[in-house]
Amino acid sequence: MCVRAQQLFAILLVATGIVLPMSVAKSLQVSTQEPIEISSETLAEDKPQALHHICETMAQGGFFSGTVLVAENSHVIYRAAFGLANREWQIPNSVDTKFRLASVSKQFCSMIIMQLIQEEKLALNDPITKHLLYYRKDQGEKITLHHLLAHQSGIPDFTNSFDYRNTTARLLFEKDDFIKRFCSGDLTHNPGDLYSYNNAGYVILGRIVEEVTKRSYEQNILDRITQPLGMTNTGYDSPQKILSKRASGYTHGPFRIENSTYIEMDPAPGAAGAVYSTIDDLFLWNRALTTDTLLRKFYRELMFTPNTSVPESQLAGGRRHSNYGYGWRIDNVVHPTTRTNIRIMSHGGAINGFRAIVSRIPHRNAYVALLCNQGDPPGSNTVWQTLDRMNTEIIRVVTEQPYKIPRKPKPPQAKKLYELVCNKGVDAAISWFQKNGQKNPWGGSFDSVARELIRSGKKEEAIRLYEHDIHQAPNKIWLRRKLAELCIQMGKFKKADTVLKQALIIRPGDERLIELQNEVRHRLPQQELQP
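The structure reproduced in this document is the subject of the present report. Given the structure is predicted, the values throughout are model-derived calculations rather than measurements. (Residues numbered from 1 in each chain as written. Predicted model: local features only at pLDDT ≥ 70, side-chain atom pairs only at ≥ 80, totals over all residues. Heavy atoms only, no water.)

Here's the deal with the overall build of the protein
- Across its full length, the protein holds 19 helices and 14 strands.
- A compact globule built from 531 residues should have a C-alpha radius of gyration of about 24 Å, and the protein, at 23 Å, falls within 12% of that.
- For the protein, the C-alpha atoms occupy an extent of roughly 75 × 60 × 45 Å along the three principal directions.
- Burial statistics for the protein: of 531 residues in total, 59% are counted as buried.
- Within the protein, counting contacts between residues at least 6 apart in sequence, those at least 24 apart form 69% of the total.
- Here the protein displays about 21,200 Å² of accessible surface, and carbon together with sulfur accounts for 48% of that area.
- Computed over 66 positive and 54 negative side-chain charges, the separation of the two mean positions in the protein equals 3 Å. (Helix = DSSP H or I, 4+ residues; strand = E, 2+ residues; numbered from the N terminus. Rg over C-alpha atoms; globule rule 2.2 N^0.38 Å. Buried < 20%, exposed > 50% of the residue type's maximum accessible area, 1.4 Å probe, protein only. Contact = heavy atoms within 4.5 Å. Areas by Shrake-Rupley, 256 points an atom, 1.4 Å probe, with all protein chains shown as cover. Lys, Arg positive; Asp, Glu negative; His and termini not counted. Charge placed at Lys NZ, Arg CZ, Asp CG, Glu CD.)

Structure follows, in structure tokens:
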């Protein structure tokens, strides 16, 4: 029986490559690739052997490069590394290679917040403005720490912006300035009414930690978590830091593997996604979550209690009840054949060049950690789909349920479309897509194909594909920007001006659109731009 790879929120993520809510059993990503095929079900007679077979098969498919740890009854039963930590030097991953955790970092932030609540330095019903006096009072007085932890604040998520990936993520900001500019937008819903995954909330929480403790967030990670647990290979990352055995991050697109794009780590993603670690350190972390070493049981249980009183946003899946606690998602997963119900506490992460999933299975005292130094380009999800499938089958092995060996993914849709454009023309590619293709839910289904066409000098064809994407998703400003930029490159200034005028009607005042419009009008006299 084929098991559908779960959707992943994130936009991000996949679209942004930045810190996304990668919940495991009920994640939110819509596939834009052919599904991974599955072999027939079987029961594992030898768990380590079955686990190795799953991981080795997926690594051989090319879309998993990283490390795996599986523990049961507090003992590691499988631990292995696959692929390359650095492709330029052909250095292999090892079990002590360090990876960025992306949104898996949120569980560390929730731990520190709960520690401060235990110490009576914070309270769940504290509003933002109690600790960040500059925050806009019309909203900050209504948004509590509970809302931020549970993704119920209604604050717009900065990672959803196309500008974040291309501009904001690469720049340095003062923390308070970043929060004022990118974490203070008008609310999308009333606080406490809806679950809507939000990185901005955890950036704010990280800053509140600093205000209350009078120490940096990085120092809090060290003093409150990594040092007490002996997690010597875990910390708060920055691109400038010289970090031994750090994995390089790569983007595995439909046409090639490339170095991932640059991203600053502080102030954002910050507490929402700036921690790095190893599988062994994560095992230490998981063991601490079952003891009072860091936090008393009452407060730990709050982290792992789903806040079911609110529904999810449609983008998050639209379920009637949120299953997100504080930094963790809690799911009851039913095996499709045995109908066995298994409770899983999990989180995932996506950031430029990295993907991660961690899962806790309390009734088996089991833990699964998957760290990967590959990511997906915008509009693709094959790397994430691979990790998600690995995690699903590994959990089935550990819980002694029938499992299957995932097979190598089929060639991505983008390659098929590119070949059709080159061999039969744009119309044939669009026709095939309309009958057989899978749309990117965030727009830009042809974006990767158009970029490859530009690379190979077929710019007229790329223009037509962008025009088709815009027709399908007319409010996606980033598509109109890309089309305008391509027209300027080709000297099609009148066409670029028309595209920009239409875009500015949708989003007046957009700085990048205005810059492009000024460039066009500088290139051509005003009279030549008249209709």
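So much for the structure itself; the text now carries on.
Comments concerning the side chain of Thr 226
- For Thr 226, the location among the structural elements is in helix H9 (residues 217–229).
- For Thr 226, the side chain forms a polar contact with the main-chain oxygen of Leu 222, separated by 3.5 Å.
- Thr 226 has contacts with Ile 221, Met 231 and Thr 234, leaving out every residue within four places of it along the chain. (Polar contact = N/O pair within 3.5 Å; in protein donor to acceptor, adjacent residues only side chain to side chain.)

Here's the deal with the nonpolar core
- Counting 80 residues, the largest nonpolar core has Phe 108, Leu 148, Ile 204, Ile 225, Leu 282, Trp 285 and Trp 328 as its most contacted members.
- Among the elements that make up this core, the one with the highest residue count is helix H3 (residues 106–118) (eight residues).
- Discounting residues that sit within four places of it in the chain, Ile 225 has contacts with Phe 108, Met 111, Ile 112, Asn 220, Met 231, Trp 285 and Leu 294.
- Counting 38 residues, the second largest nonpolar core, distinct from the first, contains Ala 462, Leu 465, Tyr 466 and Ala 473. (Core = buried A, V, L, I, M, F, W, Y, C linked by side-chain atoms within 4.5 Å.)

Some points on the sheet that holds strand E14 (residues 374–375)
- If you walk across this open sheet you meet the three strands as E8-E7-E14, and the pairing is mixed. Looking at strand neighbours, the two that pair on one side only are strand E8 (257–259) and E14, the edges of this open sheet.
- With two bridges joining them, strand E7 (residues 250–252) and E14 adopt parallel strand pairing. Bridge pairing links Tyr 250 to Gln 374 in E14. (Pairing = 2+ DSSP bridges.)

Regarding empty space enclosed by the protein
- Using the criterion set out here, one finds three cavities of 30 Å³ or more in the structure.
- If you add up the space inside the second largest cavity, you get close to 100 Å³.
- Lining the second largest cavity are 13 residues; nearest its centre among them are Lys 175, Val 203, Gly 206, Arg 207 and Pro 267.
- Elements represented by at least two residues in the lining of the second largest cavity include exactly helix H7 (175–182) and helix H8 (199–213).
- In terms of residues, the lining of the second largest cavity owes the most to one element, H8, which gives five residues.
- Each residue belonging to the lining of the second largest cavity can be placed in one class, and the counts come to seven nonpolar, two polar and four charged. (1 Å grid on protein atoms, 1.4 Å probe; cavity = no way out; pocket = protein on both sides within 12 Å on 5 of 7 lines; lining within 4 Å. Points joined across faces, edges and corners; volume = space filled by probe spheres on them. Nonpolar A, V, L, I, M, F, W, Y, C, P; charged D, E, K, R; others polar.)

Overview of helix H17 (residues 477–489)
- Spanning 13 residues, H17 covers 18 Å between terminal C-alpha atoms, matching the ideal 18 Å at 1.5 Å per step.
- In terms of burial, H17 is largely enclosed, as eleven of its 13 residues are buried.
- Taken together, the buried positions of H17 are occupied by Ile 477, Trp 478, Leu 479, Arg 480, Arg 481, Lys 482, Leu 483, Ala 484, Leu 486, Cys 487 and Ile 488.
- Looking one or two residues past H17, Gly 491 carries a phi angle of roughly 80 degrees, positive in sign. (Expected span 1.5 Å × (residues − 1).)

Brief notes about the packing of aromatic side chains
- Within the structure shown, the criterion is met by 14 aromatic pairs.
- Note on Phe 298 and Tyr 299: the rings are 5.0 Å apart at their centroids and 85 degrees apart in plane angle, and the pair reads as edge-to-face.
- Note on Tyr 299: relative accessible area 15%, which makes it buried.
- Members of the aromatic cluster, joined through ring pairs, are Phe 158, Phe 173, Phe 178 and Phe 182.
- The ring of Tyr 250 has Arg 87 lying over it, and the distance from NZ or CZ to the ring centre is 5.6 Å.
- Directly above the ring of Tyr 202 sits Lys 106, whose terminal nitrogen or CZ lies 5.8 Å from the centroid. (Phe/Tyr/Trp six-rings, centres within 6.5 Å; stacked < 30°, edge-to-face > 60°. Lys NZ or Arg CZ within 6 Å of the ring centre and 35° of its normal.)

Description of the pattern of salt bridges
- If you walk through the whole model with that rule in mind, you get 43 salt bridges.
- In this structure, Asp 331 engages Arg 329 in a salt bridge whose closest nitrogen and oxygen atoms are separated by 3.9 Å.
- Using a relative accessible area of 3% as the deciding quantity, one classes Asp 331 as buried.
- By relative accessible area, Arg 329 is classed as buried at 1%.
- We note a salt bridge from Arg 512 to Glu 485, for which the minimum N-O separation is 3.1 Å. Of this pair, Arg 512 sits in helix H19 (residues 511–523) while Glu 485 is found in helix H17, placing the two residues 27 residues apart along the sequence. (Salt bridge = Lys/Arg side-chain N within 4 Å of Asp/Glu carboxyl O.)

Considering the packing of H8 against H9
- Two numbers describe how H8 lies on H9: the axes approach to 9 Å, and their chain directions differ by 75 degrees. The pairing of H8 with H9 is recorded here as roughly perpendicular in orientation. Each of Gly 206, Val 209, Glu 210 and Thr 213 in H8 lies in contact with H9, whose residues at this interface are Tyr 217, Asn 220 and Arg 224.
- Partitioned by chemical class, the residues of the contact of H8 with H9 number two nonpolar, three polar and two charged. (Axes fitted to C-alpha atoms, helices over the stretch in contact; angles between N-to-C directions. Parallel < 35°, antiparallel > 145°, perpendicular 65-115°, else oblique.)

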